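Chain residues, written in single-letter form:
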Amino acid sequence: MCHLSAGFCIVLLSSVNRLYQDLMSHFITFTLLQRFDGRSRLLVHSLHSGAAGASNAQTVFNKQRRSDPDFTLNPFLETLCQQEACVHEDALVLKPLVCLFSEGFKRNLLCFLHVLHPGLPKDHVLHLLRCLTRDDVENQWTCVLIKQLQRDIEGTRKGTLLTSDGTGKLKSLCERFRNANEKGKWAYCFEDLEAEDKETNIPVLSQKKRKSDNMDHDGDAQEDQQSKRLKMDFCPSEEEERLTEEEEPKIRTSQLQQSAASVSQARSDVLGSSKNLPDHMKAAVPVIKELLDTESWDESSVSALKVFHECDPNEVEVLCSMLCLSEASEQSLPQFCSCLLELSPDLSHSTASAVITHLLLPKILSLAEPASRCLVTAVMSLCTRYPRPTCQALIEPVLQKGQTGSAQAEVLCRLVVDCLEPHHMLLVFRTILGVSWDEGVLSVIHALLDSELELSEEDFSLFTDQLCSQSPHFSKSMKFAKMLLSVLTKYQSHVNPACHHTLSSCLSFNETFLKKSLQAALKRISL
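Every value quoted in this text rests on a predicted model; they were computed, and no experiment measured them. Every chain is numbered independently, its residues counted from 1 as its sequence is written. Owing to the predicted nature of the model, reporting of local features is limited to residues with pLDDT of at least 70; listing and counting of side-chain atom pairs is limited to 80 or more, with chain, interface and lining totals taken over all residues. Side-chain metrics in this entry use all non-hydrogen atoms of the structure; hydrogen atoms and water are not considered.

Before going further, it helps to spend a moment on the overall build of the protein. The helix count covers DSSP runs of H or I at least four residues long, the strand count covers runs of E at least two residues long, and both are numbered beginning at the N terminus. Within the protein, the secondary structure is distributed over 29 helices and two strands. Accessible area of the protein: about 30,500 Å², with a carbon and sulfur share of 54%. Surface exposure here means Shrake-Rupley accessible area, sampled with a 1.4 Å probe, where a residue is shielded only by the protein chains that are shown.

Attention now moves to the nonpolar core. Residue types Ala, Val, Leu, Ile, Met, Phe, Trp, Tyr and Cys, when buried and joined through side-chain atoms within 4.5 Å, form a set referred to as a nonpolar core. Think of it in three bands: residues with accessible area under 20% of the maximum for their type are buried, residues over 50% are exposed, and the middle band is partly exposed, with areas taken using a 1.4 Å probe on protein chains only. If you look at the biggest cluster of nonpolar residues, it comprises 101 residues, and the most contacted ones within it are I288, F308, L359, L360, L415 and W437. Two residues qualify as a contact provided that any one of their heavy atoms is within 4.5 Å of a heavy atom in the partner residue. When sequence neighbours within four positions are dropped, the list of residues in contact with L415 reads V379, M380, C383, T390, L394, I395 and L420. Counting 37 residues, the second-largest nonpolar core is a separate cluster that includes F61, L97, F105 and L129.

Attention now goes to the pattern of salt bridges. What counts as a salt bridge is simple: a side-chain nitrogen of Lys or Arg found within 4 Å of a carboxyl oxygen of Asp or Glu. The final tally for this structure, using the stated rule, is five salt bridges. In this structure, D346 engages R385 in a salt bridge whose closest nitrogen and oxygen atoms are separated by 3.0 Å. Of the two residues, D346 sits in the loop between α18 (333–341) and α19 (349–359) while R385 sits in helix α21 (residues 373–385), which places them 39 residues apart along the sequence. Residue classification places D346 among the partly exposed positions, given a relative accessible area of 41%.

Take helix α15 (residues 279–294) next. Expected helix span is taken as 1.5 Å per residue step, with the number of steps being one fewer than the number of residues. In this model, α15 (16 residues) spans 24 Å end to end at C-alpha, consistent with the 22 Å of a helix rising 1.5 Å per residue. Turning to α15, its buried residues are M281, A284, V285, I288, L291 and L292. Residues of α15 that are buried make contact with α16 (301–304), α17 (313–323) and α18. In the segment just after α15, E295 is the residue with positive phi, at about 60 degrees.

Glancing now at the packing of α21 against helix α22 (residues 387–400). Interaxial angle, 0 to 180 degrees, is taken between N-to-C directions of lines fitted to C-alpha atoms, where a helix line uses only the stretch in contact. Running from N to C, α21 and α22 cross one another at 125 degrees; their axes reach a closest spacing of 5 Å. With respect to α22, the axis of α21 lies oblique. On the side of α21, the interface is formed by V379, L382, C383, T384 and R385, while α22 contributes P387, T390 and L394. Gly counts as polar in this scheme, as do all residues outside two lists: the nonpolar Ala, Val, Leu, Ile, Met, Phe, Trp, Tyr, Cys and Pro, and the charged Asp, Glu, Lys and Arg. Considering only residue class, the contact of α21 with α22 consists of five nonpolar, two polar and one charged. What sets the label is the angle itself: under 35 degrees gives roughly parallel, over 145 gives roughly antiparallel, 65 to 115 gives roughly perpendicular, and the rest give oblique.

On the secondary structure map, S486 appears in helix α27 (residues 478–490). The exposure class assigned to S486 is buried, which follows from its relative accessible area of 5%. The residues touching S486, leaving out its near neighbours within four places in the chain, are H446, L449, D450 and Y491.

Glancing now at unusual backbone geometry. The omega torsion across S344 and P345 is 0 degrees, close enough to zero to call that bond cis. For P345, the location among the structural elements is in the loop between α18 and α19. Of note in the backbone geometry, C324 takes a positive phi value of approximately 55 degrees without being a glycine. Within the secondary structure, C324 is located in the loop between α17 and α18. Overall, C324 belongs to the partly exposed group, its relative accessible area being 25%. You will see that E452, though not glycine, has its phi angle at about 55 degrees, which is positive. By the secondary structure assignment, E452 is in the loop between α25 (439–450) and α26 (457–470).

Another aspect to go through is the packing of aromatic side chains. Aromatic rings considered in pairs are described by the distance between their centres and by the relative angle of their planes. Classification of ring pairs rests on two measures: the distance between centres of Phe, Tyr or Trp rings, Trp counted by its six-membered ring, which must be within 6.5 Å, and the angle between planes, read as stacked under 30 degrees, edge-to-face over 60 and tilted in between. Tallied over the entire structure, the rule returns nine aromatic pairs. When the ring of F61 is compared with that of F112, the centres are 6.3 Å apart and the planes differ by 80 degrees; the resulting orientation is edge-to-face. Separated by 51 residues along the polypeptide, F61 in helix α3 (residues 53–67) and F112 in helix α5 (residues 103–116) bring together distant segments of the chain. Members of the aromatic cluster, joined through ring pairs, are F36, F76, F101 and F105.

What follows covers α18. Count 3.6 residues to each turn of an α-helix, and residues three or four apart come out pointing the same way. When we look at burial in α18, the residues that qualify are L333, F336, C337, C339, L340 and L341. Buried residues along α18 sit in contact with α15, α16, α19, α20 (361–365) and α21.

What follows deals with the packing of α25 against α27. Packing of α25 against α27 leaves a shortest axis separation of 10 Å and a crossing angle of 20 degrees. By the angle between their axes, α25 is roughly parallel relative to α27. For the pair α25 and α27, the sense of crossing is left-handed. Taken together, the residues of α27 that come into contact with α25 (itself represented by E439, L442, S443, I445, H446, L449 and D450) are K479, F480, K482, M483, S486, V487 and K490. Looking at side-chain class alone, the contact of α25 with α27 contains six nonpolar, three polar and five charged residues. Each crossing gets its handedness from the near helix: less than a right angle anticlockwise from the far helix is left-handed, clockwise is right-handed.

Glancing now at the confidence of the model for the protein. Values of pLDDT, ranging from 0 to 100, describe the predictor's confidence in every residue of the model. Model confidence for the protein is summarised by a mean pLDDT of 77, while 72% of its residues fall at 70 or above. Note on residues 196–272: pLDDT is under 50 here. Beyond four places in sequence and across chains, it has 28 contacts.

What follows concerns the environment of V285. Along the chain, V285 falls in helix α15. For V285, a relative accessible area of 7% gives the class buried. Along the primary structure V285 and L305 are separated by 20 residues, whereas in three dimensions their C-alpha atoms are 9.6 Å apart. With near-sequence residues (within four places) excluded, V285 lies in contact with L319, M322 and L323.

When you line up the elements, T404 lands in the loop between α22 and α23 (406–418). Classification of T404 by relative accessible area gives buried; the value is 5%. Along the primary structure T404 and L365 are separated by 39 residues, whereas in three dimensions their C-alpha atoms are 8.4 Å apart. Setting aside chain neighbours within four positions, we find T404 in contact with V398, L399, A409, L412, D438, G440 and V441.

Okay, the state of the cysteines next. Disulfides are defined as pairs of cysteine sulfur atoms found within 2.5 Å of each other. Following the criterion strictly, the structure yields zero disulfides and no others. Take C311: it sits in no disulfide, and the sulfur closest to it among the cysteines is that of C320, at 7.9 Å. We classify C311 as buried; its relative accessible area is 11%.

Below you can see the structure in the form of structure tokens.
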């Protein structure tokens, strides 16, 4: 009973201590909040909301700008830099207010400013960074964020983002790797790190054991199994230590063979699945492959492609993989697509999507220079006949990759202008609202806007919200400025009071010579 009472008291004291720390943290935060005005308090609250703090703060700021286009962050930044009395090492000292907040708040604040700093006064942001560096910043991520933001504002790349501690660890790790090949034991490089992990894990495990002897038996068993696996993976056994230099090349050869076997596993799966294909489908594969290789297409070639009519969704995936459509030469694409278009009836939606995915998508994604005439002809011919499968199997994946280069953007703009109907353009437009933007995506948006889409009120509102969130990233982009000008001139009837405020916020970030023209176009819109 005494043992149980002592354990219960330890748990109770620990809980009371955590509760006291939480109450003090909330009290300090509440006290600090009184230094800010009403709008700035909302930002402080959002920056305190965990890992999503920076994103939440950006949402709050965008809403504040929409309600008041003249709203700025200057009062918020000035308050963070004000001197506040606090106790440090039993002495009363003055520190900037921002230094009294938690590390999580500081990281969220720096991420938030990293997004918005192009539209903020540089002197205010730099003054805040100087206040942060004046304090002893122990968190390495916070140090890196401060240095990175300072680099971006000043436009310099001097020095390194690594701390002295991080630089030392990196040098030590490089030294271990440098001698690893000579000893033939890569596990040696991680022995010290494994020892450090064991030392840091011991107090944590003992603390859990003190809290409850019966709660985490399963978890402890799993941890023991994982630690055993780590030992087996990293620690050299006695047999390995006895290996001679003549035996080591044999082991490396066997490892390379295992790697090659794993690389070819996907192809083996496809070949295994081909056993389930009907015999007439298997017989069509070498015929179609020969046509792709020799490029000897004629009227009889269409009959060989009729096999696509007889495939279900699973079979068509296997068939496309066996045909290696992604490896077909671009010179053979126009004739192959021409024979596909002669099939009657048309291919089903799933079959057309699979063919487009295997035949065209890899080639479009890998473009590093303008697409060849053969590739453009093939893409446009299939898009004209099968617009919805092209949108879902080609255009959407290219946009969702987030790396739309000029070559990819040129192809997509050709499809938008020459091949798609208005309702298919709307599908592409809605896809763009959910992806990250770059200069290539801006070109596609401009092509869509020039086609004068029939946007609903909800679509246009979502679009203006996206413009507002993206405007700090494209403050000096001429493409973005021209796109805004297209919105203000061709879609005036869609602008309601809420959208007017949003667009006004967008213009405040613009730093191109078109800013005055944009502001004049916005003033001409009557509400």
